[in-house]
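# Topology and contacts: notes
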Amino acid sequence: MLSKRIIACLDVRNGQVVKGVNFEGLRNAGDPAELAERYNQEGIDEVVILDVTATIEGRRALAATVSAVAKRIFIPLTVGGGIRSEDDAAAAIDAGAEKVSLNTAALTDPSLITKLAARYGSQAAIVAIDAKWADGKAIVYARSGQAGTQREAVEWAKEAAERGAGEILLTSIDRDGTKSGFDCALTAAVSRAVPIPVIASGGAGSLEHFAEVFRDGCADAALAASIFHFSEHAVHDLKMMLHDRGIPVRL
Amino acid sequence: MIALIDYGAGNLTSVRKALAAIGANVETPRVPSDLGQAEGVIVLGVGNFQQTAVLNQEWRDAIVGVVERGRPLLGICLGLQWLFEGSSEAPGCQGLSLMSGQCEQLKPEWPYKVPHVGWNELEFPRASRLFEGIRNRSQVYFTHSYAAPVTDETTAVTTHVVPFASAVERGQVYGVQFHPEKSGDVGLRILKNFLNNAV
C-alpha cells in the first residue's frame, strides 16, 4: 500500500534555514544540508527547499544550497520559491532537484505548468497553492501570501491538474506557523476535487495533527517545518504513532 | 564504465549523483558507437513514452549489443516501460520488446491518486540478483502514471489500484519502475547490486 508521506520543508533565506509565523518574522534554524541529512536519517520521505526571499543574490545562493542538499540525501527533493520561468526551473533541476514548485508564476502564466510538464514530466511540476478563508471561500494568494487573487483554491487546483501539474502543495495561510493543526476542511475539499496527490501544509503543531490531516483531510502527504527544525518531535516518533493508528507510513 | 543514456527525457543529475555515491564510473555516450566499451548500460526516463522515439534504431542496436555481450541493461521508470512492446500512452511508438506485453495507464480510483507518487512496497514473487540483501516489502519511491503488466519476467510486484510490475528481469536485462536513485539506502543497494553484476 502507498505510504502517506511526511515531508520536511526547509524555508531558506541566503543559504540558511529560517522559519516565520503567518509568513512573517523569520528566525534562524540552521544549515540546510545538515538539517536535510538529519531528517533523512530520521526517516523523512521527502525534502522541500523553499526560497523565501527569492532576491537575485538569494537565488544564486539557492542553487548552491540545492546542490549541497542533493549531494547528501538520496530521497526526492523539491525546490520552490522564485521559480518564474522555464530557465529558473531548469536551474533548480540541474542543481539536483526532482521537482519544482510553482506558485505566483503559475497564477500569472498558467501555461508555464504545461511547459514544465512537457519538458520534465508532470511528476516534476508541483503547483503550490497558498489559500486563506474569506466569507466561506478559500481564496488563493500570490507573492508569499501578500497578494490576494480572484481565484478559489479548489477551482485553481482542478485547473492546475488539467494543465499538467503532478501534485498540489496546499498551504493554509491562516494556519501557517500557528501550530494549531492543518486545515483539514480545506485539504479534504481540494483532495477530493483532483485526481493528483495533495500535500497538506501549514499549522502542524503536534503529532496528532498529522493523523488528523491524513484521516479527515484526505491528504496524500503532509509537510511541516518548525515542528521538525527545533527537534520538538523526531520524524521517527511521528511515523510510529501513525503506524500504530493504522495509517500506512514508511518505517 | 557504466553508460547512462541521455535522450532528453528528464534529468540525469540525481541518478548520476547516486551512482557516484556508490563509486560507479559513469559516462554519457554521445553517439551509439560509444557503447562499445560499456560494462553496463542504464536507460532512465520520466515523462511521456513518445520521448523514447528519440532512441532510433542505431541506439537500439547499440543498447541491445551491450546485452548480447553479456553486459547488464537497467531501465529506470520510463526506461522499464521502454523494455516492453509499447505503451498505450504513445500507440505508434515501439518499445524495445525485450519483455512481452503493453504498458497501460493507471486509472485514479478514490482514494488512489494518479500519478502514483510516493513510497510503496515491493513484493518479490521470486529471487532476483537486483534485490539481493533487500527485504520483502521494502519501500521505494515511485512517480509514474503508466505501468507494465505482471508477467513471468516480473521480479517485484507493487499494487496501486491494480498490481503492476515494479521490477522485471530477463537474463541480463533489468527494469525498475521506481527510482532507486531516490529510494534512500534501499535504492542505493539496488544500484550497487546492478553495478556488481556489471563490473
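Residues numbered from 1 in each chain as written. Chains lettered and ligands numbered in written order. Predicted model: local features only at pLDDT ≥ 70, side-chain atom pairs only at ≥ 80, totals over all residues.

### Notes on the overall build of chain B
Note the cut-off: Put simply, DSSP H or I for four residues or longer makes a helix, DSSP E for two residues or longer makes a strand, and each gets a number counted from the N terminus. Note on method: radius of gyration uses C-alpha positions; expected globular size equals 2.2 Å times residues raised to 0.38. Burial in this document is a count-based property: other C-beta atoms within 10 Å of a residue's C-beta are tallied, and the residue is buried at 20 or more, exposed at 12 or fewer, or partly exposed in between, with C-beta positions derived from the backbone. This entry defines residue contacts through backbone-placed C-beta atoms, with two residues in contact when those atoms are within 7 Å.
Per the secondary structure count, chain B includes four helices and 12 strands. A compact globule built from 199 residues would reach a C-alpha radius of gyration of about 16 Å, and chain B, at 15 Å, matches this within 12%. The C-alpha extent of chain B, read off along each of the three principal axes, is 50 × 40 × 30 Å. Burial status across chain B gives 52% buried among its 199 residues. In chain B, once contacts between residues fewer than 6 apart in sequence are set aside, the share between residues at least 24 apart is 67%.

### Things to note about the overall build of chain A
Scanning chain A from terminus to terminus reveals 10 helices and 12 strands. For 251 residues, the compact-globule formula gives about 18 Å, and the C-alpha radius of gyration of chain A, at 16 Å, lands near that figure. If you line up chain A on its principal axes, its C-alpha atoms span 45 × 40 × 35 Å. Every one of the 251 residues in chain A was classed for burial, and the buried ones make up 55%. Of the contacts made within chain A by residues no fewer than 6 positions apart, 65% connect residues no fewer than 24 positions apart.

### Remarks on unusual backbone geometry
In the segment running from Trp110 of chain B into Pro111 of chain B, the intervening peptide bond is cis, with an omega of 5°. Within the secondary structure, Pro111 of chain B is located in the loop between strand E6 (102–105) and strand E7 (116–121). Unlike most non-glycine residues, Arg143 of chain A shows phi in positive territory, near 50°. Relative to the helices and strands, Arg143 of chain A is located in the loop between strand E8 (137–142) and strand E9 (147–152). Phi at Ser97 of chain B takes a positive value of approximately 60°, unusual for a residue other than glycine. Within the secondary structure, Ser97 of chain B sits in the loop between strand E5 (86–87) and E6. By the C-beta count within 10 Å, which is 13 here, Ser97 of chain B ends up partly exposed.

### Observations concerning the interface of chain A and chain B
Bring the parts together and some accessible area is lost; that lost area is often taken as the interface size. The following threshold applies: Here the term charged refers only to Asp, Glu, Lys and Arg, the term nonpolar to Ala, Val, Leu, Ile, Met, Phe, Trp, Tyr, Cys and Pro, and the term polar to all other amino acids, Gly among them.
Listed per partner, the contact involves 28 residues of chain A and 28 residues of chain B. By residue class, the composition of the side of chain A that touches chain B is 14 nonpolar, six polar and eight charged.

### A few points about the packing of helix H6 (residues 153–162) of chain A against helix H7 (residues 184–193) of chain A
All names here are of chain A. To keep things clear, this is the line we draw: Fitted lines through C-alpha atoms give the axes, limited to the stretch in contact for helices. The angle between two N-to-C directions lies from 0 to 180 degrees. The sense of a crossing depends on the near helix, which, turned anticlockwise from the far helix by less than a right angle, makes the crossing left-handed and, turned clockwise, makes it right-handed.
For the pair H6 and H7, the least separation of the axes is 9 Å and the interaxial angle reads 35°. In this structure, H6 crosses over H7, and the sense of that crossing is right-handed. Between H6 and H7, the residues in contact are Ala153, Val154, Ala157 and Lys158 and Leu186, Ala189, Val190 and Ala193, respectively. The class makeup of the residues in the contact of H6 with H7 is seven nonpolar, no polar and one charged.

### Looking at the nonpolar core
The following threshold applies: The nonpolar core criterion groups buried Ala, Val, Leu, Ile, Met, Phe, Trp, Tyr and Cys residues into a set whenever they are joined through C-beta atoms within 7 Å.
Counting residues in each nonpolar core, the largest one holds 146 residues, and the members touching the most others are Leu10, Val47, Val100, Ile168, Ile199 and Ala222 of chain A. Excluding its chain neighbours within four sequence positions, the residues that come into contact with Leu10 of chain A are Val17, Pro32, Leu35, Ala36, Val47, Val48, Ile49 and Leu50 of chain A.

### Points about the pairing of strand E6 (residues 99–102) of chain A
Look at any regular strand and the pattern is simple: side chains alternate between the two faces of the sheet. Residue and element names in this part refer to chain A. Our working definition: Two strands qualify as a pair provided DSSP detects at least 2 bridges between them. Here is how to tell: hold the view so the strands point away, follow the path from the first strand over the helix to the second, and if it runs clockwise the crossover is right-handed.
Burial along E6 is two-sided: the face carrying Lys99 and Ser101 and the face carrying Val100 and Leu102 are both buried. The pairing of strand E5 (residues 77–80) with E6 spans three bridges and is classified as parallel. Each residue of the ladder has a partner; that of Thr78, found in E6, is Lys99. For the handedness criterion, the β-α-β arrangement of E5, helix H3 (residues 86–94) and E6 is classed as right-handed.

### Section: H7 of chain A
Of the positions making up H7 of chain A, those classed as buried are Cys184, Leu186, Thr187, Ala189, Val190 and Ser191 of chain A. Along its buried surface, H7 of chain A packs onto strand E7 (125–134), E8, H6, strand E10 (167–172), strand E11 (198–201) and helix H8 (207–215) of chain A.

### Overview of the sheet that holds strand E11 (residues 162–170) of chain B
All names here are of chain B. Spatially, the seven strands line up as an open sheet ordered E2-E1-E3-E4-E12-E11-E10, and their pairing is mixed. Both outer strands of the open sheet, strand E2 (26–27) and strand E10 (154–160), are each paired with one neighbouring strand and no more. Pairing geometry for strand E4 (residues 73–77) and strand E12 (residues 173–176), over four bridges, is parallel. Bridge pairing in E12 links Ile76 to Val176. Contacts from helix H1 (residues 13–21) reach strand E1 (2–5), E2, strand E3 (40–45) and E4, with the element oriented near 170° to E1.

### Looking at the confidence of the model for chain B
Rules: Residue-level confidence of the predictor, termed pLDDT, takes values from 0 up to 100.
Per-residue pLDDT for chain B has a mean of 94; in total, 99% of the residues score no lower than 70. Taken together, the chains of this predicted complex give a pTM of 0.94 and an interface ipTM of 0.92.

### Notes on the pairing of E7 of chain A
All names here are of chain A. By the criterion of burial, E7 is predominantly enclosed, with eight of the 10 residues buried. Two elements, E6 and E7, share three bridges in a ladder whose sense is parallel. Looking across to E7, one finds that Val100 is bridged to Ala125. Two strands pair when backbone bridges link them, and E7 and E10 are joined in this way by six bridges, in the parallel orientation. Each residue of the ladder has a partner; that of Ile129, found in E10, is Leu170. In terms of strand pairing, E7 meets E8 through five bridges, oriented antiparallel. In the sheet register, Asp130 faces E8, and the bridge partner there is Tyr141. Where E7 folds back on E8, the antiparallel hairpin that results is connected by two residues, among which Asp135 adopts a positive phi of roughly 50°.

### Focus: the environment of Val186 of chain B
Residues and elements named next belong to chain B. If you trace the backbone, Val186 turns up in helix H4 (residues 184–198). Separated by 13 residues in sequence, Val186 and Val199 have C-alpha atoms that sit 20 Å apart. Non-local contacts of Val186, meaning those with residues more than four positions away in its chain, are made with Ile134, Ser138 and Val140.

### Topic: helix H10 (residues 235–244) of chain A
Residue and element names in this part refer to chain A. Here is the rule we go by: The directions from the helix axis to the C-beta atoms form the arc being described.
All buried positions along H10 are accounted for by Val235, Leu238, Lys239 and Leu242. In a view along the axis of H10, the buried residues occupy a sector of 95°, so they form one face of it. Exposed positions of H10 whose direction lies more than 90 degrees from the buried face are Asp237 and Asp244. Where H10 is buried, its residues contact strand E1 (5–13), helix H1 (32–42), H8 and helix H9 (226–229).

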